[in-house]
Amino acid sequence: MDAERDLPGDRWAGGGYGFETLAIHAGQDPDPATGAVIVPIYQTSTYAQSDVGEHRGYEYSRSGNPTRTALETCLAALEAGRTGLTFASGLAAEDCLLRTVTGPGGHVLVPDDAYGGTYRLFARVLARWGVEHTPVPLGDLDRVRAAMRPETSLIWCETPTNPLLAVADIAALAAIAHEAGARLAVDNTFASPYLQQPLAWGADIVVHSTTKYLGGHSDVVGGALVTSDTGLAEELAYHQNAMGAVPGPFDSWLVLRGAKTLGVRMDRHCANAARVVELLTGHPAVAAVLYPGLPDHPGHAVASRQMSGYGGMVSFRLAGGEAAALEVCRRTRLFTLGESLGGVESLIEHPARMTHASVAGSQLEVPADLVRLSVGIETADDLLADLDEALAGG
Ligand SMILES: *Cc1c(COP(=O)(O)O)cnc(C)c1O
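Rules behind the numbers
- Residues numbered from 1 in each chain as written.
- Predicted model: local features only at pLDDT ≥ 70, side-chain atom pairs only at ≥ 80, totals over all residues.
- Heavy atoms only, no water.
- Near = heavy atom within 4 Å.
- Polar contact = N/O pair within 3.5 Å; in protein donor to acceptor, adjacent residues only side chain to side chain.
- Helix = DSSP H or I, 4+ residues; strand = E, 2+ residues; numbered from the N terminus.
- Salt bridge = Lys/Arg side-chain N within 4 Å of Asp/Glu carboxyl O.
- Buried < 20%, exposed > 50% of the residue type's maximum accessible area, 1.4 Å probe, protein only.
- Disulfide = S-S within 2.5 Å.
- Domains from an automatic or database assignment.
- Contact = heavy atoms within 4.5 Å.
- Buried area = accessible area lost by both parts, 1.4 Å probe.
- Nonpolar A, V, L, I, M, F, W, Y, C, P; charged D, E, K, R; others polar.
- Phe/Tyr/Trp six-rings, centres within 6.5 Å; stacked < 30°, edge-to-face > 60°.
- Lys NZ or Arg CZ within 6 Å of the ring centre and 35° of its normal.

Draft legend 1. Spotlight on the site of the ligand. Taken together, 14 residues form the shell around the ligand, and within it G90, D187, S209, T211 and K212 come nearest. A distance of 2.8 Å separates an oxygen atom of the ligand from a polar side-chain atom of S209. In this structure, an oxygen atom belonging to the ligand sits 2.8 Å away from a side-chain N or O atom of K212. When residues of the shell around the ligand are assigned to their parent elements, the largest contribution, three residues, is made by helix α4 (residues 90-101).

Quick look at the structure:
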(Lines give C-alpha, C1' and ligand atoms only; values in the text may rest on other atoms or scores of the structure.)
Protein backbone atom coordinates (compact mmCIF):
# COMPACT_ATOMS: atom_id res chain seq x y z
CA MET A 1 0.00 0.00 0.00
CA ASP A 2 1.20 3.43 -0.93
CA ALA A 3 0.17 5.69 1.92
CA GLU A 4 1.71 8.77 0.29
CA ARG A 5 -0.66 9.07 -2.60
CA ASP A 6 -4.08 10.58 -2.31
CA LEU A 7 -6.47 8.14 -3.95
CA PRO A 8 -10.17 8.83 -4.58
CA GLY A 9 -11.36 6.57 -1.77
CA ASP A 10 -9.02 8.10 0.81
CA ARG A 11 -10.85 11.35 1.50
CA TRP A 12 -14.02 9.49 2.36
CA ALA A 13 -12.44 6.50 4.06
CA GLY A 14 -10.65 8.77 6.52
CA GLY A 15 -13.66 10.95 7.24
CA GLY A 16 -15.27 8.74 9.86
CA TYR A 17 -18.59 8.83 8.02
CA GLY A 18 -21.29 6.20 8.33
CA PHE A 19 -22.34 3.95 5.47
CA GLU A 20 -25.48 5.84 4.41
CA THR A 21 -23.60 9.17 4.44
CA LEU A 22 -20.95 7.70 2.16
CA ALA A 23 -23.60 6.22 -0.14
CA ILE A 24 -25.20 9.64 -0.60
CA HIS A 25 -22.12 11.88 -0.63
CA ALA A 26 -18.88 10.04 -1.48
CA GLY A 27 -17.68 11.24 -4.89
CA GLN A 28 -20.85 13.28 -5.24
CA ASP A 29 -19.98 16.88 -4.37
CA PRO A 30 -22.32 19.42 -5.98
CA ASP A 31 -21.28 20.08 -9.59
CA PRO A 32 -18.59 22.81 -9.53
CA ALA A 33 -19.81 24.32 -12.82
CA THR A 34 -23.51 24.73 -12.00
CA GLY A 35 -24.11 23.74 -8.38
CA ALA A 36 -26.27 20.79 -9.50
CA VAL A 37 -26.78 18.68 -6.36
CA ILE A 38 -26.91 15.46 -8.33
CA VAL A 39 -23.89 14.35 -10.36
CA PRO A 40 -24.73 15.13 -14.00
CA ILE A 41 -24.78 12.47 -16.71
CA TYR A 42 -21.70 13.59 -18.63
CA GLN A 43 -22.92 12.17 -21.93
CA THR A 44 -19.75 12.94 -23.87
CA SER A 45 -17.08 10.84 -25.53
CA THR A 46 -14.37 13.51 -25.59
CA TYR A 47 -13.20 16.70 -23.85
CA ALA A 48 -11.87 20.03 -25.13
CA GLN A 49 -8.16 20.60 -24.47
CA SER A 50 -6.94 24.15 -23.78
CA ASP A 51 -3.63 23.42 -25.49
CA VAL A 52 -2.07 20.31 -26.97
CA GLY A 53 -2.09 17.71 -24.19
CA GLU A 54 -3.59 20.15 -21.65
CA HIS A 55 -6.85 18.98 -20.15
CA ARG A 56 -8.73 18.91 -16.85
CA GLY A 57 -8.19 15.23 -16.13
CA TYR A 58 -10.42 13.83 -18.85
CA GLU A 59 -9.38 13.11 -22.45
CA TYR A 60 -11.66 10.38 -23.72
CA SER A 61 -14.56 8.58 -22.02
CA ARG A 62 -13.18 5.05 -22.31
CA SER A 63 -10.27 6.23 -20.16
CA GLY A 64 -12.39 8.35 -17.84
CA ASN A 65 -15.73 10.08 -17.48
CA PRO A 66 -16.84 12.29 -14.54
CA THR A 67 -20.09 10.37 -13.92
CA ARG A 68 -18.13 7.12 -13.81
CA THR A 69 -15.52 8.69 -11.54
CA ALA A 70 -18.27 9.65 -9.07
CA LEU A 71 -19.54 6.06 -9.04
CA GLU A 72 -16.05 4.59 -8.70
CA THR A 73 -15.26 6.88 -5.76
CA CYS A 74 -18.57 6.06 -4.08
CA LEU A 75 -18.11 2.29 -4.46
CA ALA A 76 -14.55 2.46 -3.12
CA ALA A 77 -15.89 4.29 -0.06
CA LEU A 78 -18.73 1.78 0.45
CA GLU A 79 -16.29 -1.14 0.44
CA ALA A 80 -13.81 0.81 2.60
CA GLY A 81 -11.26 0.44 -0.21
CA ARG A 82 -8.92 2.90 -1.86
CA THR A 83 -9.75 2.38 -5.54
CA GLY A 84 -12.98 1.49 -7.34
CA LEU A 85 -13.21 0.57 -11.01
CA THR A 86 -16.47 0.01 -12.87
CA PHE A 87 -17.35 -2.08 -15.89
CA ALA A 88 -20.11 -2.74 -18.39
CA SER A 89 -21.20 -5.87 -16.47
CA GLY A 90 -20.19 -8.01 -13.53
CA LEU A 91 -18.61 -10.51 -15.89
CA ALA A 92 -16.60 -7.77 -17.62
CA ALA A 93 -15.24 -6.83 -14.17
CA GLU A 94 -14.37 -10.49 -13.52
CA ASP A 95 -12.69 -10.87 -16.90
CA CYS A 96 -10.55 -7.77 -16.30
CA LEU A 97 -9.56 -9.01 -12.85
CA LEU A 98 -8.77 -12.56 -13.99
CA ARG A 99 -6.70 -11.45 -16.96
CA THR A 100 -4.77 -9.17 -14.63
CA VAL A 101 -3.98 -11.65 -11.85
CA THR A 102 -3.68 -14.88 -13.88
CA GLY A 103 -2.34 -15.88 -17.26
CA PRO A 104 -1.35 -18.90 -19.35
CA GLY A 105 0.01 -21.61 -17.03
CA GLY A 106 -1.83 -20.11 -14.07
CA HIS A 107 -4.23 -21.79 -11.68
CA VAL A 108 -7.15 -20.55 -9.58
CA LEU A 109 -9.51 -22.08 -7.01
CA VAL A 110 -13.24 -21.50 -7.54
CA PRO A 111 -16.17 -22.36 -5.28
CA ASP A 112 -17.85 -25.64 -6.24
CA ASP A 113 -21.15 -23.74 -6.40
CA ALA A 114 -19.93 -20.57 -8.11
CA TYR A 115 -22.32 -18.34 -10.01
CA GLY A 116 -22.90 -20.10 -13.36
CA GLY A 117 -21.56 -17.22 -15.45
CA THR A 118 -18.38 -17.09 -13.38
CA TYR A 119 -17.86 -20.82 -13.82
CA ARG A 120 -18.48 -20.52 -17.57
CA LEU A 121 -15.83 -17.79 -17.79
CA PHE A 122 -13.31 -20.11 -16.10
CA ALA A 123 -14.33 -23.33 -17.85
CA ARG A 124 -14.99 -22.14 -21.39
CA VAL A 125 -12.99 -18.94 -21.85
CA LEU A 126 -10.00 -18.79 -19.50
CA ALA A 127 -9.35 -22.53 -19.87
CA ARG A 128 -8.73 -21.98 -23.59
CA TRP A 129 -6.25 -19.28 -22.62
CA GLY A 130 -4.31 -21.77 -20.46
CA VAL A 131 -5.66 -20.91 -17.00
CA GLU A 132 -6.63 -23.97 -14.98
CA HIS A 133 -9.27 -23.95 -12.26
CA THR A 134 -10.19 -26.33 -9.46
CA PRO A 135 -13.72 -26.27 -8.00
CA VAL A 136 -13.56 -26.62 -4.19
CA PRO A 137 -16.13 -26.41 -1.39
CA LEU A 138 -14.81 -23.22 0.20
CA GLY A 139 -16.41 -24.11 3.53
CA ASP A 140 -13.91 -26.99 3.85
CA LEU A 141 -10.59 -25.26 4.59
CA ASP A 142 -8.57 -28.50 4.50
CA ARG A 143 -9.72 -29.15 0.94
CA VAL A 144 -8.90 -25.55 0.02
CA ARG A 145 -5.36 -25.94 1.40
CA ALA A 146 -4.94 -29.27 -0.39
CA ALA A 147 -6.03 -27.79 -3.74
CA MET A 148 -3.44 -24.99 -3.68
CA ARG A 149 -0.57 -25.42 -6.16
CA PRO A 150 2.67 -23.46 -6.58
CA GLU A 151 1.15 -21.69 -9.60
CA THR A 152 -2.14 -20.82 -7.83
CA SER A 153 -2.43 -17.04 -7.97
CA LEU A 154 -6.01 -16.57 -6.83
CA ILE A 155 -8.75 -17.98 -4.65
CA TRP A 156 -12.11 -16.90 -5.98
CA CYS A 157 -14.70 -16.69 -3.24
CA GLU A 158 -18.41 -16.07 -3.28
CA THR A 159 -20.20 -15.77 0.03
CA PRO A 160 -23.05 -16.37 0.36
CA THR A 161 -23.06 -18.42 -2.84
CA ASN A 162 -25.56 -18.42 -5.64
CA PRO A 163 -27.92 -20.31 -5.50
CA LEU A 164 -27.07 -22.63 -2.57
CA LEU A 165 -26.29 -19.83 -0.07
CA ALA A 166 -23.21 -21.57 1.29
CA VAL A 167 -21.01 -19.37 3.47
CA ALA A 168 -17.22 -19.14 3.35
CA ASP A 169 -14.91 -17.74 6.02
CA ILE A 170 -13.25 -14.76 4.30
CA ALA A 171 -10.52 -14.23 6.94
CA ALA A 172 -9.53 -17.92 6.88
CA LEU A 173 -9.39 -18.00 3.06
CA ALA A 174 -7.33 -14.79 3.00
CA ALA A 175 -4.83 -16.41 5.36
CA ILE A 176 -4.53 -19.51 3.15
CA ALA A 177 -4.15 -17.40 0.00
CA HIS A 178 -1.55 -15.07 1.48
CA GLU A 179 0.49 -17.90 2.99
CA ALA A 180 0.83 -19.28 -0.54
CA GLY A 181 1.61 -15.92 -2.12
CA ALA A 182 -1.80 -15.84 -3.81
CA ARG A 183 -4.66 -13.34 -3.63
CA LEU A 184 -8.23 -13.62 -2.44
CA ALA A 185 -11.04 -12.12 -4.54
CA VAL A 186 -14.54 -12.02 -3.03
CA ASP A 187 -17.65 -11.70 -5.17
CA ASN A 188 -19.74 -9.62 -2.75
CA THR A 189 -22.80 -9.34 -5.00
CA PHE A 190 -25.21 -11.25 -2.71
CA ALA A 191 -24.34 -9.50 0.54
CA SER A 192 -23.59 -6.01 -0.83
CA PRO A 193 -21.15 -3.77 1.06
CA TYR A 194 -23.93 -2.85 3.48
CA LEU A 195 -23.95 -6.35 4.98
CA GLN A 196 -20.35 -7.44 4.40
CA GLN A 197 -17.03 -5.70 3.68
CA PRO A 198 -14.54 -8.36 2.52
CA LEU A 199 -11.49 -6.05 2.44
CA ALA A 200 -11.83 -5.60 6.19
CA TRP A 201 -11.56 -9.41 6.58
CA GLY A 202 -8.36 -9.58 4.53
CA ALA A 203 -9.60 -9.99 0.95
CA ASP A 204 -7.47 -8.32 -1.72
CA ILE A 205 -10.19 -7.50 -4.21
CA VAL A 206 -13.97 -7.18 -4.01
CA VAL A 207 -16.04 -7.96 -7.10
CA HIS A 208 -19.61 -6.81 -7.75
CA SER A 209 -22.32 -7.29 -10.25
CA THR A 210 -23.79 -3.80 -9.67
CA THR A 211 -26.73 -5.10 -11.70
CA LYS A 212 -28.04 -6.57 -8.46
CA TYR A 213 -28.33 -4.88 -5.02
CA LEU A 214 -26.09 -1.87 -5.72
CA GLY A 215 -28.18 -0.77 -8.71
CA GLY A 216 -31.18 -2.25 -6.96
CA HIS A 217 -33.93 -1.43 -9.46
CA SER A 218 -33.44 -4.02 -12.25
CA ASP A 219 -32.81 -1.26 -14.78
CA VAL A 220 -29.08 -1.51 -15.48
CA VAL A 221 -26.28 -4.06 -16.02
CA GLY A 222 -22.88 -3.23 -14.52
CA GLY A 223 -19.87 -4.46 -12.59
CA ALA A 224 -17.19 -3.19 -10.24
CA LEU A 225 -13.86 -4.03 -8.62
CA VAL A 226 -12.61 -2.45 -5.39
CA THR A 227 -9.15 -2.86 -3.88
CA SER A 228 -6.80 -1.12 -1.47
CA ASP A 229 -3.70 -2.58 -3.15
CA THR A 230 -2.27 0.38 -5.09
CA GLY A 231 -0.08 -1.64 -7.43
CA LEU A 232 -2.92 -3.99 -8.31
CA ALA A 233 -5.26 -1.02 -8.76
CA GLU A 234 -2.88 0.49 -11.29
CA GLU A 235 -2.69 -2.73 -13.29
CA LEU A 236 -6.47 -3.15 -13.19
CA ALA A 237 -7.02 0.46 -14.30
CA TYR A 238 -4.59 -0.07 -17.17
CA HIS A 239 -6.50 -3.16 -18.27
CA GLN A 240 -9.87 -1.47 -17.77
CA ASN A 241 -8.82 1.11 -20.35
CA ALA A 242 -6.92 -1.32 -22.60
CA MET A 243 -9.77 -3.86 -22.71
CA GLY A 244 -12.43 -1.16 -22.81
CA ALA A 245 -15.48 -2.84 -21.21
CA VAL A 246 -16.49 0.35 -19.38
CA PRO A 247 -20.01 1.44 -18.38
CA GLY A 248 -21.57 4.41 -20.15
CA PRO A 249 -22.38 7.65 -18.31
CA PHE A 250 -26.09 6.91 -17.97
CA ASP A 251 -25.50 3.38 -16.66
CA SER A 252 -22.97 4.80 -14.18
CA TRP A 253 -25.56 7.35 -13.06
CA LEU A 254 -28.24 4.70 -12.56
CA VAL A 255 -25.97 2.62 -10.31
CA LEU A 256 -24.94 5.76 -8.41
CA ARG A 257 -28.58 6.65 -7.86
CA GLY A 258 -29.40 3.13 -6.72
CA ALA A 259 -26.47 3.01 -4.31
CA LYS A 260 -27.81 6.02 -2.38
CA THR A 261 -30.63 3.91 -0.91
CA LEU A 262 -28.71 0.64 -0.51
CA GLY A 263 -28.82 0.74 3.29
CA VAL A 264 -32.56 1.24 3.68
CA ARG A 265 -33.30 -1.26 0.92
CA MET A 266 -31.06 -3.94 2.44
CA ASP A 267 -32.69 -3.53 5.85
CA ARG A 268 -36.07 -4.23 4.26
CA HIS A 269 -34.76 -7.06 2.05
CA CYS A 270 -33.40 -8.74 5.20
CA ALA A 271 -36.60 -8.21 7.20
CA ASN A 272 -38.82 -9.52 4.39
CA ALA A 273 -36.52 -12.50 3.78
CA ALA A 274 -36.73 -13.41 7.48
CA ARG A 275 -40.54 -13.47 7.21
CA VAL A 276 -40.38 -15.62 4.06
CA VAL A 277 -37.97 -18.04 5.76
CA GLU A 278 -40.38 -18.31 8.68
CA LEU A 279 -43.20 -19.29 6.31
CA LEU A 280 -41.10 -21.82 4.39
CA THR A 281 -39.56 -23.48 7.46
CA GLY A 282 -41.93 -26.19 8.52
CA HIS A 283 -44.18 -25.89 5.46
CA PRO A 284 -45.18 -29.43 4.42
CA ALA A 285 -44.37 -28.79 0.74
CA VAL A 286 -40.83 -27.65 1.58
CA ALA A 287 -38.06 -30.21 2.17
CA ALA A 288 -35.29 -27.76 3.14
CA VAL A 289 -34.71 -24.02 3.46
CA LEU A 290 -31.26 -22.65 2.61
CA TYR A 291 -30.66 -19.34 4.42
CA PRO A 292 -27.56 -18.33 6.41
CA GLY A 293 -29.78 -16.71 9.04
CA LEU A 294 -31.10 -20.12 10.13
CA PRO A 295 -29.28 -21.40 13.25
CA ASP A 296 -28.95 -24.89 11.69
CA HIS A 297 -27.34 -23.54 8.49
CA PRO A 298 -23.74 -24.91 8.42
CA GLY A 299 -22.35 -21.41 7.80
CA HIS A 300 -24.49 -19.63 10.39
CA ALA A 301 -21.70 -18.90 12.87
CA VAL A 302 -19.36 -17.54 10.20
CA ALA A 303 -22.15 -15.50 8.60
CA SER A 304 -23.06 -14.03 11.98
CA ARG A 305 -19.46 -12.94 12.46
CA GLN A 306 -18.68 -11.46 9.05
CA MET A 307 -22.11 -10.15 7.98
CA SER A 308 -24.33 -7.58 9.68
CA GLY A 309 -27.48 -9.20 8.23
CA TYR A 310 -28.32 -12.36 6.29
CA GLY A 311 -29.55 -10.79 3.07
CA GLY A 312 -32.56 -11.02 0.81
CA MET A 313 -31.78 -14.26 -1.04
CA VAL A 314 -33.57 -17.45 0.03
CA SER A 315 -33.41 -20.85 -1.64
CA PHE A 316 -35.54 -23.88 -0.81
CA ARG A 317 -36.06 -27.45 -1.96
CA LEU A 318 -39.48 -28.92 -2.66
CA ALA A 319 -40.62 -32.19 -1.10
CA GLY A 320 -42.33 -32.97 -4.41
CA GLY A 321 -39.10 -32.80 -6.45
CA GLU A 322 -38.51 -30.98 -9.72
CA ALA A 323 -42.14 -31.03 -10.86
CA ALA A 324 -43.22 -29.30 -7.64
CA ALA A 325 -40.40 -26.75 -7.98
CA LEU A 326 -41.46 -25.89 -11.52
CA GLU A 327 -45.09 -25.64 -10.42
CA VAL A 328 -44.31 -23.14 -7.64
CA CYS A 329 -42.33 -21.03 -10.12
CA ARG A 330 -45.33 -20.99 -12.43
CA ARG A 331 -47.88 -20.17 -9.73
CA THR A 332 -46.56 -17.08 -7.93
CA ARG A 333 -47.95 -13.73 -9.05
CA LEU A 334 -46.03 -11.10 -7.09
CA PHE A 335 -42.79 -13.07 -7.28
CA THR A 336 -42.05 -12.61 -10.97
CA LEU A 337 -40.53 -15.58 -12.75
CA GLY A 338 -37.20 -14.28 -13.98
CA GLU A 339 -33.43 -14.37 -13.74
CA SER A 340 -31.34 -11.84 -11.83
CA LEU A 341 -31.82 -10.61 -8.27
CA GLY A 342 -31.36 -7.71 -5.91
CA GLY A 343 -34.06 -5.39 -7.26
CA VAL A 344 -36.89 -3.86 -5.24
CA GLU A 345 -39.32 -6.37 -6.80
CA SER A 346 -39.44 -10.01 -5.76
CA LEU A 347 -38.27 -12.63 -8.24
CA ILE A 348 -38.52 -16.42 -8.32
CA GLU A 349 -36.54 -18.81 -10.48
CA HIS A 350 -35.56 -22.42 -11.06
CA PRO A 351 -31.72 -22.37 -11.03
CA ALA A 352 -31.20 -25.78 -12.67
CA ARG A 353 -33.07 -24.73 -15.81
CA MET A 354 -32.47 -20.97 -15.74
CA THR A 355 -29.47 -19.19 -14.15
CA HIS A 356 -27.43 -22.34 -13.70
CA ALA A 357 -28.27 -24.21 -16.90
CA SER A 358 -24.65 -23.56 -18.00
CA VAL A 359 -23.29 -25.80 -15.20
CA ALA A 360 -25.57 -28.78 -15.93
CA GLY A 361 -23.53 -31.98 -16.08
CA SER A 362 -20.54 -30.36 -14.33
CA GLN A 363 -19.38 -30.62 -10.72
CA LEU A 364 -21.38 -27.46 -10.09
CA GLU A 365 -24.77 -28.86 -11.11
CA VAL A 366 -27.54 -27.65 -8.78
CA PRO A 367 -30.46 -29.80 -7.52
CA ALA A 368 -33.53 -29.87 -9.77
CA ASP A 369 -35.92 -29.48 -6.80
CA LEU A 370 -34.36 -26.13 -5.88
CA VAL A 371 -36.17 -22.79 -6.13
CA ARG A 372 -34.40 -19.47 -5.57
CA LEU A 373 -36.13 -16.32 -4.34
CA SER A 374 -34.87 -12.77 -4.51
CA VAL A 375 -37.10 -11.32 -1.81
CA GLY A 376 -38.00 -7.74 -2.70
CA ILE A 377 -39.18 -4.85 -0.57
CA GLU A 378 -42.91 -5.09 -1.23
CA THR A 379 -45.32 -5.39 1.75
CA ALA A 380 -44.24 -8.59 3.51
CA ASP A 381 -47.79 -9.88 4.09
CA ASP A 382 -48.49 -9.72 0.35
CA LEU A 383 -45.35 -11.71 -0.41
CA LEU A 384 -46.24 -14.37 2.18
CA ALA A 385 -49.78 -14.73 0.82
CA ASP A 386 -48.42 -15.11 -2.71
CA LEU A 387 -45.95 -17.84 -1.71
CA ASP A 388 -48.46 -19.63 0.48
CA GLU A 389 -50.91 -19.86 -2.39
CA ALA A 390 -48.27 -21.04 -4.85
CA LEU A 391 -47.06 -23.73 -2.41
CA ALA A 392 -50.58 -25.00 -1.89
CA GLY A 393 -50.67 -26.04 -5.56
CA GLY A 394 -47.06 -27.23 -5.81
C1 LIG B 1 -25.15 -11.67 -11.73
C2 LIG B 1 -23.91 -12.13 -11.04
C3 LIG B 1 -22.66 -12.00 -11.67
C4 LIG B 1 -22.49 -11.52 -13.09
O5 LIG B 1 -22.83 -10.19 -13.24
P6 LIG B 1 -23.45 -9.57 -14.60
O7 LIG B 1 -23.69 -8.14 -14.21
O8 LIG B 1 -24.68 -10.33 -14.91
O9 LIG B 1 -22.41 -9.72 -15.66
C10 LIG B 1 -21.55 -12.40 -10.94
N11 LIG B 1 -21.65 -12.90 -9.69
C12 LIG B 1 -22.83 -13.03 -9.07
C13 LIG B 1 -22.89 -13.59 -7.69
C14 LIG B 1 -24.01 -12.66 -9.72
O15 LIG B 1 -25.19 -12.82 -9.11
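Back to the write-up after that little detour.
Draft legend 2. Quick peek at the pattern of salt bridges. Taken as a whole and assessed by the stated rule, the structure comprises twelve salt bridges. Here D142 makes a salt bridge to R145, at a shortest N to O gap of 3.0 Å. One end of the pair, D142, and the other, R145, are both in helix α6 (residues 141-147), three residues apart, so they sit about a helical turn from each other. Given a relative accessible area of 44%, R145 falls into the partly exposed group. Measuring nitrogen to oxygen at the nearest pair gives 3.5 Å for the salt bridge that ties E151 to R149. By relative accessible area, which is 30% here, R149 ends up partly exposed. Taken together, the salt bridges that share partners define one network made up of E132, R149 and E151.

Draft legend 3. Geometry of the state of the cysteines. Summed over the entire model, instances satisfying the criterion amount to zero disulfides. Cysteine C270 remains unbridged, with the sulfur of C157 as its closest cysteine sulfur at 18 Å. For C270, a relative accessible area of 15% gives the class buried.

Draft legend 4. Highlighting the domain arrangement of the protein chain. You can read the domains of the protein chain as domain 1 (19-260) and domain 2 (263-392). Computed over C-alpha atoms, the centres of domain 1 and domain 2 are 26 Å apart. Counting from both sides, the interface comprises 39 residues of domain 1 and, opposite them, 42 residues of domain 2. At the boundary of domain 1 with domain 2, total buried surface from both sides reaches about 3,200 Å², with 60% on carbon and sulfur atoms. Among the residues of domain 1 in contact with domain 2, L165, L195 and Y213 are the three that bury the most area, contributing 23% of the side total. Linking domain 1 with domain 2 are one salt bridge. A salt bridge links R305 to D169; the shortest N-O distance between them is 2.8 Å. On inspection of domain 1 and its partner domain 2, the count reaches 14 residue pairs in polar contact (both at pLDDT 80 or more). Only α2 (19-25), α5 (116-126), α8 (192-195) and α10 (249-260) provide two or more residues apiece to the side of domain 1 that touches domain 2. Residue composition of the side of domain 1 that touches domain 2, grouped by class: 22 nonpolar, eleven polar and six charged.

Draft legend 5. Just the packing of aromatic side chains, in detail. Summed over all chains, the structure comprises five aromatic pairs. Residues Y47 and Y58 carry aromatic rings whose centres are separated by 5.6 Å and whose planes lie at 35 degrees to one another, so their mutual orientation is tilted. On the criterion of sequence distance, the pair formed by Y47 in the loop between α2 and α3 (66-78) and Y58 in the loop between α2 and α3 is long-range, its members being eleven residues apart. Looking at Y58, the relative accessible area reads 22%, which means it is partly exposed. Ring geometry for Y291 and Y310: centres 6.4 Å apart, planes at 70 degrees, overall edge-to-face. Linking Y291 in the loop between β8 (286-290) and α12 (300-306) with Y310 in the loop between α12 and β9 (313-318), this pair joins segments that are 19 residues apart in sequence. By relative accessible area, Y291 is classed as buried at 4%. Overall, Y310 belongs to the partly exposed group, its relative accessible area being 26%. The ring of Y115 carries the charged tip of K212 above its face, separated from the ring centre by 5.3 Å.

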